[in-house]
Amino acid sequence: MIDAGAPYGIATAPDGALWFTLVHEGRIGRMVPGQDPVIHQLDPADGQPMVITPGHDGAMWFTEGKFGEIGRVCRISADGVVTAHAAPSPYGIVAGPDGAMWFTQMQPGAIGRIGPDGAMTEFAVEGGGMPSFITVGPDDALWFTLNQANAIGRISLSGEVTVHPLPTEGAGPVGITLGPDDALWFVEIGAGQIGRIDTSGKITEYPLPDRAARPHAIVTGPDGALWFTEWAAGRVGRLTPDGTFDVQPLPSVPGEDGNERKAEPHGLTVGPDGAIWVALEAGALARIG
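Considering the nonpolar core
- Membership of the largest hydrophobic core comes to 37 residues, with the highest contact counts inside it found for Trp185 and Ile194.
- Elements represented by at least two residues in this core include exactly β5 (49-54), β9 (90-95), β10 (101-105), β17 (173-178), β18 (184-188), β19 (193-197) and β22 (226-230).
- Ranked by residues supplied to this core, first place goes to β18 with four residues.
- Setting aside chain neighbours within four positions, we find Ile194 in contact with Trp185, Phe186, Val187, Thr204, Glu205, Tyr206, Leu208, Ile218, Phe228, Leu239 and Phe245.
- Listed in part, the 16 residues of the second largest apolar core include Ala225, Leu250, Ile276 and Val278.

Describing the sheet that holds strand β27 (residues 265-270)
- One open sheet accounts for three strands, arranged β27-β28-β29; its pairing is antiparallel. Taken across any chain shown, the strands that pair with only one partner, and hence form the sheet edges, are β27 and β29 (284-288). Averaged over all neighbouring strand pairs, the angle between strand axes comes to 25 degrees, with direction disregarded.
- Pairing of β27 with strand β28 (residues 276-280), which is carried by four bridges, proceeds in the antiparallel orientation. Looking at the pairing, Leu268 lines up with Val278 of β28.

Thoughts on the sheet that holds strand β15 (residues 151-155)
- Across the sheet, which stays open at both edges, the four strands sit in the order β13-β14-β15-β16 with antiparallel pairing between neighbours. Of all strands in the sheet, those bounded by a partner on one side alone are β13 (131-136) and β16 (161-165). Geometrically, the sheet is characterised by an average inter-axis angle of 25 degrees between neighbouring strands, direction not taken into account.

Here's the deal with the pattern of salt bridges
- Inspection of the entire model under this criterion finds twelve salt bridges.
- Close ionic contact of Arg235 with Asp210 constitutes a salt bridge, the shortest N to O distance being 3.0 Å. Remark: Asp210 occurs in the loop between β20 (203-207) and β21 (215-220) and Arg235 occurs in strand β23 (residues 235-239); sequence separation between them is 25 residues.
- We classify Asp210 as partly exposed; its relative accessible area is 28%.
- One salt bridge in this structure joins Glu230 and Arg235, with 2.7 Å as the shortest N-O distance.

Some words on the pairing of strand β7 (residues 71-76)
- When you tally the buried positions in β7, you get five out of six residues, the bulk of the element.
- Note that strand β6 (residues 60-64) and β7 share five bridges and pair antiparallel. Its bridge partner being in β7, Thr63 is matched across the sheet by Val73.
- Hairpin connection from β7 to strand β8 (residues 82-87): five residues lie between these consecutive antiparallel strands, with Gly80 at a positive phi of about 90 degrees.

What about the layout of surface pockets?
- Considered as a void within the structure, the largest pocket measures approximately 570 Å³ in volume.
- Around the largest pocket, the lining is made up of 29 residues, and of these Thr53, Ile176, Ile218, Val219 and Leu268 lie nearest the centre.
- For the lining of the largest pocket, the secondary structure elements donating two or more residues are β1 (7-12), β5, β9, β13, β17, β21 and β27.

Considerations on the packing of aromatic side chains
- With the rule as written, the count across this model stands at four aromatic pairs.
- Summarising the aromatic geometry, the rings of Trp185 and Tyr206 are spaced 5.7 Å apart at their centres and angled 20 degrees between planes, so their arrangement reads as stacked. With a gap of 21 residues between them, Trp185 in strand β18 and Tyr206 in strand β20 connect regions that are remote in the sequence. When sorted by exposure, Trp185 lands in the same class as Tyr206, which is buried.

Each value, and the rule that gives it
Residues numbered from 1 in each chain as written. Predicted model: local features only at pLDDT ≥ 70, side-chain atom pairs only at ≥ 80, totals over all residues. Heavy atoms only, no water. Core = buried A, V, L, I, M, F, W, Y, C linked by side-chain atoms within 4.5 Å. Buried < 20%, exposed > 50% of the residue type's maximum accessible area, 1.4 Å probe, protein only. Helix = DSSP H or I, 4+ residues; strand = E, 2+ residues; numbered from the N terminus. Contact = heavy atoms within 4.5 Å. Pairing = 2+ DSSP bridges. Axes fitted to C-alpha atoms, helices over the stretch in contact; angles between N-to-C directions. Salt bridge = Lys/Arg side-chain N within 4 Å of Asp/Glu carboxyl O. 1 Å grid on protein atoms, 1.4 Å probe; cavity = no way out; pocket = protein on both sides within 12 Å on 5 of 7 lines; lining within 4 Å. Points joined across faces, edges and corners; volume = space filled by probe spheres on them. Phe/Tyr/Trp six-rings, centres within 6.5 Å; stacked < 30°, edge-to-face > 60°.

See below:
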């Protein structure tokens, strides 16, 4: 249980701790497995921290999608000191291959870059399309989902953007990760599918056994399989690169009113102990493995 709020994003830090966002409470948590979490309150408390990831500098970086009229991309050190950069509606964030932090801007639709010197650059995505999650590809480019454009995007380190439309209408891609086979794997929350795109742009889609499961985030596990959250179904799914699925239900979480709440899994990560850790918006972190 995480009494301090509703976990949304989660990532493993270089120091072996799990860091997570508490989206509704404006807080960041840090937990070493087996120990009690340490919670850092953000100022203001209504910034809605979302995705969190390790940076090149040993600190954790996260996005706040709501901060007055503009969002923030923030850096938080192990002792809870936050430095922030203003950015329009940031969401996904990743440490790039060039020593910079790269992030998506859902509105109006752009990719942002923060260099090691703090300089910010913005690259527009034609048509907007609501860029969501972003990850590093095997080709030293950044790959990202375009949730509303029904496409996968690629941006080179020089800012050249290529867009690959998905074959399924209304797929609504969200999470994306580099797979064990040097392809990019992503989830389609609208279509109930897992997708794969290689660096040539070839796309393959794998329908989930439960098409209404609403998959949200995806990572490559230590077992060489793809692990993903099924938000609507309250499960974690696993897909091998040859297309074999299995799922694991997540426990419900006791609410403040005494009633059980659905798990609502969002982010997930490979923890420092080699297990899969999942952020449950119902108020807990779940360990699988």
